[in-house]
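For reference, the chains in residue letters:
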Amino acid sequence: MKSLPVFLTMVSIMWSTMSHGQAGALDPSFGEGDGLVTTSFFTNQSCFGYSIATQADGKIVVAGTNENANQFSSVIVARYSNDGTLDPTFNSTGKLVVPLQNKSGYLRSMVVQPDQKIVLLLAFKTDNESGIRLYRIMPDGNPDTTFNHTGWAGASFSSSYASGQAIALQPDGKIVVCGNFGFDNDPDNKSYVLRFTQDGSPDSSFGITGLYSSKIGQSASELNGIVVQPDGKILCAGYAVQNDQEDFMALRLTSDGHLDFSFSEDAIAIVSLSDQVDRAYALALQPDGKVILAGEAYNFFTSAPSMAVVRLNDIGVPDTDFHEDGMNIYTVSGYADRANSLVLQPDGKLLLGGYVHANVNDGADMAIMRLWPSGIPDDSWSDDGVAVYADDLETSSSLNHITLQPDGLIAGTGFVLQDNIYSIRVARMVSGLVTSNTEIKEVHPIHSLSCSPSPFTDQLQVTYTLNEPTTVTLILRSIDGKIYEILSPASFRSAGTYTEQVLVSDSMAKGLYLLTIETPVGNQCMMVLKIEE
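Values in this document were obtained by computation on a predicted structure and should not be read as measured data.

Turning our attention to the overall build of the protein chain. A tally of helices and strands in the protein chain yields 0 helices and 39 strands. In terms of C-alpha radius of gyration, the protein chain reaches 22 Å, essentially the compact-globule figure of 24 Å for 533 residues. Taking the principal axes of its C-alpha atoms as reference, the protein chain extends roughly 65 × 55 × 50 Å. Considering only contacts within the protein chain whose residues lie at least 6 apart along the sequence, 53% involve residues at least 24 apart. Split by element, the accessible area of the protein chain, about 20200 Å² in all, is 50% carbon and sulfur. Placing the 30 positive and 60 negative side-chain charges of the protein chain at their respective mean positions leaves the two points 5 Å apart.

Right, dumping it as structure tokens:
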């Protein structure tokens, strides 16, 4: 693994070596001591990892797509133990090929529910139809027949093609997904958001029979990321065409599936970073309601795409506290670079997972960039803000999705190309977060955090001690860091010990969550278990 410095107006590649404990280094306890695992499903067939999640017991779930010589695609899932070995308690081999009833399908997103059931989002196409499917499987890999009585649900579109790009869970267990659909040889298409109930039925209280769909911009658009806000509103991110070029785009819907006109006046924010192709592939929501988009944008200095980030305030306007104008393009390798995934750390720092062209074997290499909340590269991450993971055996690799584990380590998945065959690549990295078995914490003004009862049903008593005056927010997050509920809004506190009694939504699904106390300069988290009354 190597690091690569970042410049805004010039390119200069200087390699440096990282120690195992340094933030951004590969985790030697994962794989064969190098932090990397490579997995194939069928001999001489290519497969790709597109989505990764960590279960409450530390096991890692990866989902993706397998392609045979005839370009027929299958959806695949693998589960790994904490050390990176395949988990034989999952479908007996650690691997699963999802039955698609002779349909060719691909997967881009997956989510693990608080009860550890796995929900897969995939798109399919036959000669007669296209659409999306949700498959829900039990923790052991078997279909969950309580989900629409069959283990799967979905929707078909009267179109030539359809995509299923992103999935998210609401606190009440409902499932929202997004993508697009359209016709071959037609530049126009429609983006969509679908919502399903916990049992897999279309949610009739959302949009029109569970569906919102619309043409966005001049012609083609794509929704690639989705987040449910604490107030129930739904944020999506991707790209749309305006002024004959593709630009970053964010869309916000009300909780019942209609355009939210309090966001960017018409519910759609379109941001241009360059005069050529700009595309957002990932989305994150800050506790203060600000929206972060990450992807690629054309770089004038390198004449190639580069990693790019836009931050909007809660009404959809570029946030000038982020890199002065709310956006930035990061010159890394001088060749084509891209951010495919985005993680917001509890301390507000941003992790961008994707690839850079570091001139290693003339191919792309998987990489992670870390930014300060202000948008400046974090030089405590691999010395210069970018960690590049390459070895002499590969000709190309990429990270398609990254996630922050409850123990503070970073897990990612994508692909590696070796001998003209693509295989799933899984990697685990050190984040630099100081961790224990139940906490993720950085150096910050919070001295301690505790809560009771544990497990809990509808309320928590939270006790914390502050070393210095600061503003405090109490938030309940999923174990991968996504916001489920803001328990106590931001308020100023003097140094001292505080006890707060907070109520939790009755509709929140049972399972493991992270209770986080967040301040402008540091956060602390602990695991809590919600049970039914």
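What follows concerns the pattern of salt bridges. Should their charged atoms come close, side chains of opposite charge can pair. Inspection of the entire model under this criterion finds 20 salt bridges. Glu-296 is the salt-bridge partner of Arg-338, the closest N and O atoms lying 4.0 Å from each other. Separated by 42 residues along the polypeptide, Arg-338 in strand S24 (residues 338–344) and Glu-296 in strand S21 (residues 291–299) bring together distant segments of the chain. With its nearest N and O atoms 3.2 Å apart, the salt bridge here joins Lys-349 to Asp-378. Residue Lys-349 is located in the loop between S24 and strand S25 (350–360), and its partner Asp-378 is located in the loop between strand S26 (363–371) and strand S27 (386–389); the two are separated by 29 residues in the primary sequence.

Read from one edge to the other, the open sheet built from 4 strands follows the order S7-S8-S9-S10, with strand pairing classed as antiparallel. The open sheet terminates on both sides in strands that have one partner only, identified here as strand S7 (104–112) and strand S10 (152–157). Going across the sheet, the axis of each strand differs from the next one's by a mean of 15 degrees, ignoring polarity. Two elements, strand S8 (residues 118–125) and strand S9 (residues 130–137), share 8 bridges in a ladder whose sense is antiparallel. Bridging from a neighbouring strand, Leu-120 pairs with Tyr-135 of S9.

Confidence along the protein chain averages 88 in pLDDT terms, with 91% of residues attaining 70 or more. Here residues 1–20 scores under 50 on pLDDT; set against residues more than four positions off or in separate chains, the count is 74 contacts. Contacts of residues 435–443 to residues separated by more than four positions or lying in other chains number 28 contacts, the stretch itself having pLDDT below 50.

For the rest of this paragraph, the subject is the sheet that holds strand S37 (residues 496–503). The strand order across the open sheet built from 3 strands is S33-S34-S37, with neighbouring strands paired in antiparallel fashion. Among the strands making up the open sheet, the edge pair consists of strand S33 (446–452) and S37. Looking at each pair of strands side by side, their axes are set apart by 15 degrees on average, direction ignored. Bridge count between strand S34 (residues 459–466) and S37: 8 bridges; the pairing is antiparallel. By the bridge assignment, Tyr-464 is partnered in S37 with Tyr-498.

Okay, the environment of Asp-231 next. Structurally, Asp-231 can be placed in the loop between strand S16 (221–228) and strand S17 (234–242). The exposure class of Asp-231 is partly exposed, given its relative accessible area of 49%. Taking C-alpha positions, Asp-231 is 8.2 Å from Glu-485, a pair spaced 254 residues apart along the chain. Within the structure, Asp-231 has its side chain in polar contact with the side chain of Gln-229 (distance 3.0 Å). A polar atom in the side chain of Asp-231 sits 3.1 Å from the backbone nitrogen of Lys-233.

Quick look at the pairing of S7 now. One ladder, built from 8 bridges, connects S7 with S8; its direction is antiparallel. Bridge assignment links Met-110 to a residue of S8, and that residue is Leu-120. Between S7 and S8, which pair antiparallel one after the other, the connecting turn spans 5 residues, and Gln-116 there sits at a positive phi close to 75 degrees.

Here we take up the environment of Asn-189. Assignment of secondary structure puts Asn-189 in strand S14 (residues 189–196). On the accessibility criterion, Asn-189 (7% relative accessible area) is buried. Sequence separation between Asn-189 and Thr-126 is 63 residues; the distance between their C-alpha atoms is 19 Å. For Asn-189, the contacting residues outside a window of four places in its chain are Tyr-161, Asn-180, Phe-181, Gly-182, Lys-215, Ser-219, Ala-220 and Ser-221. In this structure the side chain of Asn-189 is engaged in a polar contact, spanning 3.0 Å, whose partner is the backbone nitrogen of Ser-221.

Attention shifts here to the nonpolar core. Ile-132, Leu-134, Ile-175, Val-177, Val-462 and Leu-476 are the most contacted members of the largest nonpolar core, which totals 40 residues. Top element by residues in this core is S34. It accounts for 4 residues. By size, the runner-up hydrophobic cluster in this structure holds 21 residues, among which are Val-309, Phe-322, Leu-344 and Ala-358.

Throughout the structure, instances matching the rule amount to 11 aromatic pairs. Here the aromatic rings of Phe-157 and Phe-181 are separated by 4.5 Å at their centres, their planes lie at 15 degrees, and the arrangement is stacked. Of this pair, Phe-157 sits in strand S10 while Phe-181 sits in strand S13 (residues 175–182), and the two are 24 residues apart along the sequence. There is no split in this pair, since Phe-157 and Phe-181 are both buried. Taken together, a centroid distance of 5.2 Å and an interplanar angle of 80 degrees make the contact between Phe-415 and Tyr-422 edge-to-face. We classify Phe-415 as buried; its relative accessible area is 16%. Classification of Tyr-422 as partly exposed rests on a relative accessible area of 27%.

Cut-offs and rules
- Each chain has its residues counted from 1, running along the sequence as written.
- Thresholds applied to this predicted model are a pLDDT of at least 70 for local features of residues and 80 or more for the giving and counting of side-chain atom pairs; totals over whole chains, interfaces and linings are not thresholded and use all residues.
- Calculated side-chain values reflect all of the structure's heavy atoms, with hydrogen atoms and water omitted.
- In DSSP terms, a helix is any run of H or I states spanning at least four residues, a strand is any run of E spanning at least two, and both are numbered starting from the N terminus.
- For this measure, only C-alpha atoms enter the radius of gyration; the expected value for a globule follows 2.2 Å times N^0.38, where N is the number of residues.
- The contact rule is simple, with two residues in contact once any of their heavy atoms fall within 4.5 Å.
- All accessible-area figures derive from a Shrake-Rupley calculation using a 1.4 Å probe, and residue coverage is judged against the displayed protein chains alone.
- Counted charges follow a simple rule, with Lys and Arg positive, Asp and Glu negative, and His plus the chain ends left uncounted.
- Lysine's charge is taken at NZ, arginine's at CZ, aspartate's at CG and glutamate's at CD.
- Between Lys or Arg on one side and Asp or Glu on the other, a salt bridge is scored when a side-chain nitrogen of the former is within 4 Å of a carboxyl oxygen of the latter.
- Between any two strands, pairing holds if DSSP finds at least two bridges.
- Only C-alpha atoms enter the line fits that serve as axes; for helices the fit covers just the stretch in contact. Angles between N-to-C directions range over 0 to 180 degrees.
- A residue's pLDDT is the confidence the predictor assigns to it, expressed on a 0 to 100 scale.
- Here's how the labels work: a residue is buried when its accessible area is under 20% of the maximum for its type, exposed when over 50%, partly exposed in between, all with a 1.4 Å probe on protein chains only.
- Here a polar contact means two N or O atoms within 3.5 Å. Within protein one must be a hydrogen donor candidate and the other an acceptor candidate, and residues neighboring in sequence count only if both atoms are side-chain atoms.
- In plain words, nonpolar cores are sets of buried Ala, Val, Leu, Ile, Met, Phe, Trp, Tyr and Cys residues tied together by side-chain atoms within 4.5 Å.
- Note on aromatic contacts: the rings of Phe and Tyr and the six-membered ring of Trp form a pair at centre separations within 6.5 Å, being stacked when their planes are under 30 degrees apart, edge-to-face when over 60 apart, and tilted otherwise.

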